[in-house]
Amino acid sequence: MPAHRSQSEDIATGFARRHIGPSPQDIKGMLRVVGADSLEALVDQTLPAAIRQPTPLHLGQPLTETEALAHMADLASRNEVFTSLIGQGYSGTILPAVIQRNILENPAWYTAYTPYQPEISQGRLEALFNYQTMICDLTGLDVANASLLDEATAAAEAMALAERSAHKKTKAFFVDREVHPQTLAVLRTRAEPLGWTLIVGDPVHDLQKADVFGALIQYPGSSGAVRDPRPMIAALRAKGGLAIIAADLLALTLLASPGDLGADIAIGSAQRFGVPMGYGGPHAAFMAVRDSLKRALPGRLVGQSIDVHGQPAYRLALQTREQHIRREKATSNICTAQVLLAVIAAMYAVYHGPDGLSEIARRVHRRTAVLAAGLRKLGLPPHNESFFDTLTVEVGARQSEIVARALAERINLRIGDGTLGIALDETTTPATVEAVWRAFGGALNYREVEPEMRDTLHPALKRTSSFLTQEVFQAYRSETELLRYMRKLSDRDLALDRAMIPLGSCTMKLNATTEMMPLTWPAFASLHPFAPREQAAGYHALFAKLEEWLADITGYDAVSLQPNSGAQGEYAGMLAIRHYHAARGEAHRKVCLIPSSAHGTNPASASMAGMDVVVVACNNRGDVDVEDLRAKAEQHSADLAAVMITYPSTHGVFEEHIREICDIVHGHGGQVYLDGANLNAQVGLARPGEYGADVSHLNLHKTFCIPHGGGGPGMGPIGVRAHLKPYLPGHLVLDGTDEQRHGGAVAAAPFGSASILTISYIYILMMGGEGLRRATEVAILNANYIAAKLDPHFPVLYRNERGRVAHECIVDPRALKNSAGVTVDDIAKRLIDYGFHAPTMSFPVPGTLMIEPTESESKAEIDRFCDAMIAIRHEIAEIETGRWSVEASPLRHAPHTVHDIAEEVWKRAYTRHEGCFPAGTTRTDKYWCPVGRIDNVYGDRNLVCSCPPIEDYALAAE
Ligand SMILES: *Cc1c(COP(=O)(O)O)cnc(C)c1O
């Protein structure tokens, strides 16, 4: 690395200067406003001295953007892209270039936040609605959610759904032995702490005898076999269990749908609909259920409602049932999901339409049938008589010789016990099929074998029901039209490419373009997660370095990159604690203390890990009530497993007592789980592993620049102290390697959504240790600057003893409810008229707003935001002084749309200009949200979560 630059020069001129919003000049002015002499002085007033890290980060010299890309190209060259015919839930696929460039590589899509403010999220909500429609149609079920993390976790969620819906005494669940092994591993992890037994077997013979609350059947099976699930489902039904089918979306275009076969739930992966394998992810998983189960469905659900003008509008349906919000009563902890990938999969279906999808499926199936005919000629007939795209061949002692020949052809096969598996996909050509034959020992010609092919789709299982008849899946066959459709949707949304998104606890910082580039390079995008390790040397070098850096940043001894979201990291961390206690003969330690201010995922994750949650109070300063914690730790001393604490707290403050809290819990034999979602306030300044915590997750999609994607992807790696290292998540493909670990797998792939780890890696590479520390300092400055500017108008709720907030602040408009009848919702919607996304509403304190600017927002943008907030306060004052009633005020009518401004006769108490172009907004660059305020109650009463098929319109017209 070049040694000629000094680190401080790098901050002034290097990438850090581009990542950090305020200029050195701005920083000086802002320090004056907050009343601190320097950044160092501000930090000293913000963090307790007792937790400051003694040594700087050891991350090396930062690279420039050009150097970083060259470095990534070098890593990429150490990965080798073979043709992977491994299957097992991951397939080669062709991402249409128009979707790659205009969605996956387009910040209008990837920098958006979860659509909690639906009026400014209509584009991605429509795309997700299309996704739900596609899943409902292909699975033949009534309601689908808007994605889950991966197929294996979707299976675990489905098992849990079956357990709570089947109302059976038995705690046993049946798993088809044809289920993908990584899915089985995640099911085992989920079942163990809840005391459920898994019975693995052949459903045709073994299901009859088993008393179970449900069963998971893979369709087609992992070996490729297509079996008729109807008798299995009937056997299950007879004893009151729920039937779950793990299905392949492409196969469902030709095969009878799970709904038609009688299943209650369908799950699976939408990866092969255009989403690159990415050495494990990210990909969207799906779940669809019968209507009667819809209220038990985990994850987010997009529904159609109406706005104030009576126009149709989308929003998240049944939001209060969003699982993690139900805290320890939650049955799932899913929060961040896989929105961007669900959008891509839906657009893939929009691009191809039902005929295009069926044609792809038929071609893949035909190639597989030709492959089978050739293998029969070679004396190696496949196991399965009936298949879709996957064959399994008994090869016995010839296995290693065939595998070696396949590798020489640059082909990966699935290696079983004396068997080899071959899974084809839409990228398979006749040349690939011929190369497979050569590997199996015969020089056959595709054209010559083709006539001997037999159609082996199960005759009783051919799909007869139509699908994707809705207009959106018909209208966009021309690229011009599709491009405009995607543009139309993204124009409806407000993402980071338009304005600051000041959501507290979400850390919506810059997702630099350079950071986003390598993940779509084929050398990162096209690797199968179970490809031989030698083909992924670049990836493994990146993983090792990233683990080392994250360990240095957090002060932990070991890191697991497996969890696919923050909440999944919490779950993995709590499981590590559980295993640790059990290994010491203290399996009875199950009590987990959680402060009342915690994010809802904390208690949900603790419950999933088999813990009993005990809530600890907060005092009126917003800090954890140390005396209450001490009393509860003492009361539960014998059974204390852990505390889960967020630091700095969800109240946006570095509490003085963190070390004491850790000591109290350790003194009673418990472990400290420190929620690292707020790591952006401490990178380079303090290390959780040094001040008393045992394990944390890191939301790489917050602090480490993975874009939020409209609600995912994310990554939630965990760091642990050495004593917990043996209990980090394991994985079947890691068995026998250095990384072998004894905790159960929490995700389908060993390194989670590996391809997006490149983003965080490049970020650290370009920032260097000093750049990262400076970013943290400026994040703290920006938050304190906002607190200083807004406090006279909206009081800042919590600060530390020296009057400082951490990287975010809570402002409190609750008094305005009494003085003017204004709700936090009114303020949030009015901010849209000023061109802003609202801050986090009502978390962690109901009725308040939590604001997090991050280091990436410039002084100019922060000023614009503060000015908007202050102008809104003035509008509220007009209510207080009686100019308008709240009902007649622009706040209650917000957000204003073109429908408002175009009203023929203006009968409002304020002018058109005041309503539509409030102080400081420009007419030229105005963001118009497409719909007015949305009626949530109407939508929940009239639940519509997918587009009706076109025939329904025809019926209605008759
Ligand atoms: C974001 C967040 C989480 C959950 O992370 P996901 O990645 O959305 O699962 C947990 N705790 C806190 C404090 C958070 O802000």
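Residues numbered from 1 in each chain as written. Predicted model: local features only at pLDDT ≥ 70, side-chain atom pairs only at ≥ 80, totals over all residues. Heavy atoms only, no water.

A. View of the overall build of the protein. Secondary structure summary: the protein contains 34 helices and 24 strands in total. Here the C-alpha radius of gyration of the protein, 28 Å, is about what a compact globule of 958 residues would show, namely 30 Å. Counting only C-alpha atoms and orienting by the principal axes, one finds that the protein spans roughly 85 × 70 × 65 Å. Across the 958 residues that make up the protein, the buried fraction comes to 66%. The contacts of the protein with a sequence gap of at least 6 include a subset with a gap of at least 24, amounting to 77%. A total accessible area of about 31,600 Å² is found for the protein, and carbon and sulfur atoms account for 51% of it. (Helix = DSSP H or I, 4+ residues; strand = E, 2+ residues; numbered from the N terminus. Rg over C-alpha atoms; globule rule 2.2 N^0.38 Å. Buried < 20%, exposed > 50% of the residue type's maximum accessible area, 1.4 Å probe, protein only. Contact = heavy atoms within 4.5 Å. Areas by Shrake-Rupley, 256 points an atom, 1.4 Å probe, with all protein chains shown as cover.)

B. Main features of the sheet that holds strand β4 (residues 197–201). Strand order in the open sheet formed by seven strands is β2-β8-β7-β6-β5-β3-β4, and the pairing between neighbours is mixed. Either end of the sheet is taken by a strand with one partner, and the two such strands are β2 (143–144) and β4. Of the strand pairs in this sheet, strand β3 (residues 172–176) and strand β5 (residues 214–219) are connected by three bridges, and their pairing is parallel. The partner of phenylalanine 173 across the bridge, within β5, is glycine 214. Running at roughly 65 degrees to strand β8 (residues 285–289), helix α8 (residues 122–139) makes contact with β2, β7 (265–269) and β8 of the sheet. Strands β3, β4 and β5 of the sheet are contacted by helix α10 (residues 181–194), whose axis makes an angle of about 155 degrees with β4. (Pairing = 2+ DSSP bridges. Axes fitted to C-alpha atoms, helices over the stretch in contact; angles between N-to-C directions.)

C. Up close: the site of the ligand. Around the ligand sit 15 residues, and of these Thr336, Ser505, Asp675, His701 and Lys702 come closest. One of the side-chain N or O atoms of serine 505 is found 2.5 Å from an oxygen atom in the ligand. Here histidine 701 contributes a side-chain N or O atom positioned 2.7 Å from an oxygen atom of the ligand. If the ligand stood free it would expose 380 Å²; the protein chains cover 97% of that surface. For the shell around the ligand, the element with the highest residue contribution is helix α22 (residues 566–583), accounting for three residues. When grouped by side-chain class, the residues that make up the shell around the ligand number three nonpolar, nine polar and three charged. (Near = heavy atom within 4 Å. Polar contact = N/O pair within 3.5 Å; in protein donor to acceptor, adjacent residues only side chain to side chain. Nonpolar A, V, L, I, M, F, W, Y, C, P; charged D, E, K, R; others polar.)

D. Examining the pattern of salt bridges more closely. Across all of its chains, the model carries 52 salt bridges by this definition. The salt bridge involving arginine 802 is made with glutamate 656; its shortest N-O contact spans 2.8 Å. Here the residue arginine 802 occupies a position in the loop between α26 (757–790) and β21 (809–811), and glutamate 656 occupies one in the loop between β17 (640–646) and α25 (658–667), the gap between them amounting to 146 residues. (Salt bridge = Lys/Arg side-chain N within 4 Å of Asp/Glu carboxyl O.)

E. Representation of the sheet that holds β17 in the model. Taken together, seven strands build an open sheet; the order of strands is β14-β20-β19-β18-β17-β15-β16 and the sheet is mixed. Each of the sheet's edge strands pairs with one partner strand only, and the pair in question is β14 (558–560) and β16 (612–616). Sheet twist, expressed as the mean angle between neighbouring strand axes with direction ignored, is 20 degrees. Where β17 meets strand β18 (residues 671–675), five bridges bridge the pair, whose relative direction is parallel.

F. Structural view of the packing of aromatic side chains. Applying the stated criterion to the full structure yields 23 aromatic pairs. Taking 4.3 Å as the distance between ring centres and 20 degrees as the angle between the ring planes, the aromatic pair formed by phenylalanine 543 and phenylalanine 751 counts as stacked. A residue pair is termed long-range when its members are at least 10 positions apart, and phenylalanine 543 in helix α21 (residues 537–554) and phenylalanine 751 in the loop between β20 (718–720) and α26 qualify at 208 residues. Phenylalanine 543 sits in the buried class, given a relative accessible area of 2%. Ring centres of tryptophan 884 and tyrosine 910 lie 6.3 Å apart, and the angle between their planes is 75 degrees; on these two criteria the pair is classed as edge-to-face. (Phe/Tyr/Trp six-rings, centres within 6.5 Å; stacked < 30°, edge-to-face > 60°.)

G. Unusual backbone geometry, seen in detail. With an omega of 10 degrees, the peptide bond running from glycine 281 to proline 282 counts as cis. Look at the link from phenylalanine 843 to proline 844: it is a cis peptide, with omega at -5 degrees. Along the chain, proline 844 falls in the loop between β22 (840–841) and β23 (849–851). Located in the positive-phi region is leucine 468, a residue other than glycine, with phi close to 50 degrees. By secondary structure assignment, the location of leucine 468 is in the loop between α17 (446–449) and α18 (479–491). Even without glycine at this site, serine 842 takes up a positive phi of about 60 degrees.

H. View of the packing of helix α4 (residues 39–46) against α26. The N-to-C vectors of α4 and α26 enclose an angle of 75 degrees; their axes lie 10 Å apart at closest approach. With respect to each other, α4 and α26 are oriented roughly perpendicular. Where α4 abuts α26, its residues Leu39, Glu40, Leu42, Val43 and Thr46 lie against Arg774, Glu777, Val778, Ile780, Leu781 and Asn784. Here the residues of the contact of α4 with α26 are counted per class, giving six nonpolar, two polar and three charged. (Parallel < 35°, antiparallel > 145°, perpendicular 65-115°, else oblique.)

I. Fine view of the environment of glycine 689. Following the sequence through the fold, glycine 689 ends up in the loop between β18 and β19 (695–697). Judged by its relative accessible area of 14%, glycine 689 is buried. A C-alpha to C-alpha distance of 7.6 Å links glycine 689 and valine 720, two positions 31 residues apart in sequence.

J. Highlighting the nonpolar core. The biggest cluster of nonpolar side chains holds 240 residues, and the ones touching the most others in it are Tyr131, Met134, Met347, Ile422, Phe440, Phe704 and Ile764. For this core, the element with the highest residue contribution is helix α14 (residues 339–377), accounting for 22 residues. When residues no more than four places from it in sequence are discounted, the contact partners of methionine 134 are Leu249, Phe273, Ala345, Ala346, Ala349, Leu468 and Phe473. (Core = buried A, V, L, I, M, F, W, Y, C linked by side-chain atoms within 4.5 Å.)

K. Region of the structure containing helix α16 (residues 430–439). Burial within α16 is extensive, with seven of its 10 residues counted as buried. Where α16 is concerned, the buried positions are Pro430, Thr432, Val433, Ala435, Val436, Trp437 and Ala439. Looking at the buried side of α16, the elements it contacts are β1 (83–85), α14, α15 (399–408), β12 (411–415), β13 (419–423) and α17.

L. Representation of the environment of phenylalanine 865. Among the structural elements, phenylalanine 865 can be located in helix α29 (residues 859–880). Taking the C-alpha atoms as reference points, phenylalanine 865 and alanine 499, separated by 366 residues in sequence, lie 9.3 Å from one another. In this view, phenylalanine 865 contacts Met500, Pro502, Leu790, Leu831, Phe836, Pro839 and Ile851; residues no more than four positions away in its chain are not counted.

M. Main features of the UniProt feature "domain: Glycine cleavage system P-protein N-terminal" (unreviewed entry) in the protein. UniProt annotation of "domain: Glycine cleavage system P-protein N-terminal" (unreviewed entry) refers to residues 17–440 and 471–740 when read in the numbering used here. Across residues 471–740, helical content stands at 31% and strand content at 11%; the span's end C-alpha atoms are separated by 50 Å. (UniProt positions renumbered as here; feature names shortened; annotations may be inferred.)

N. Fine view of the domain arrangement of the protein. By the assigned domains, the protein splits into domain 1 (104–303 + 334–348), domain 2 (363–461) and domain 3 (522–765). Between the C-alpha centres of domain 1 and domain 2 there is a distance of 28 Å. Listed as interface residues are 21 residues of domain 1 and, on the opposing side, 18 residues of domain 2. Across the interface of domain 1 and domain 2, roughly 1,300 Å² is buried in total on both sides, 56% from carbon and sulfur atoms. If you sort the residues of domain 1 by the area they bury against domain 2, Val226, Leu254 and Arg272 come out on top, with a joint share of 32%. At the boundary of domain 1 and domain 2, one finds one salt bridge. With a closest N to O distance of 2.9 Å, arginine 272 and aspartate 389 form a salt bridge. The tally of links from domain 1 across to domain 2 stands at seven residue pairs in polar contact (both at pLDDT 80 or more). A per-class count over the side of domain 1 that touches domain 2 returns 13 nonpolar, three polar and five charged. (Domains from an automatic or database assignment. Buried area = accessible area lost by both parts, 1.4 Å probe.)

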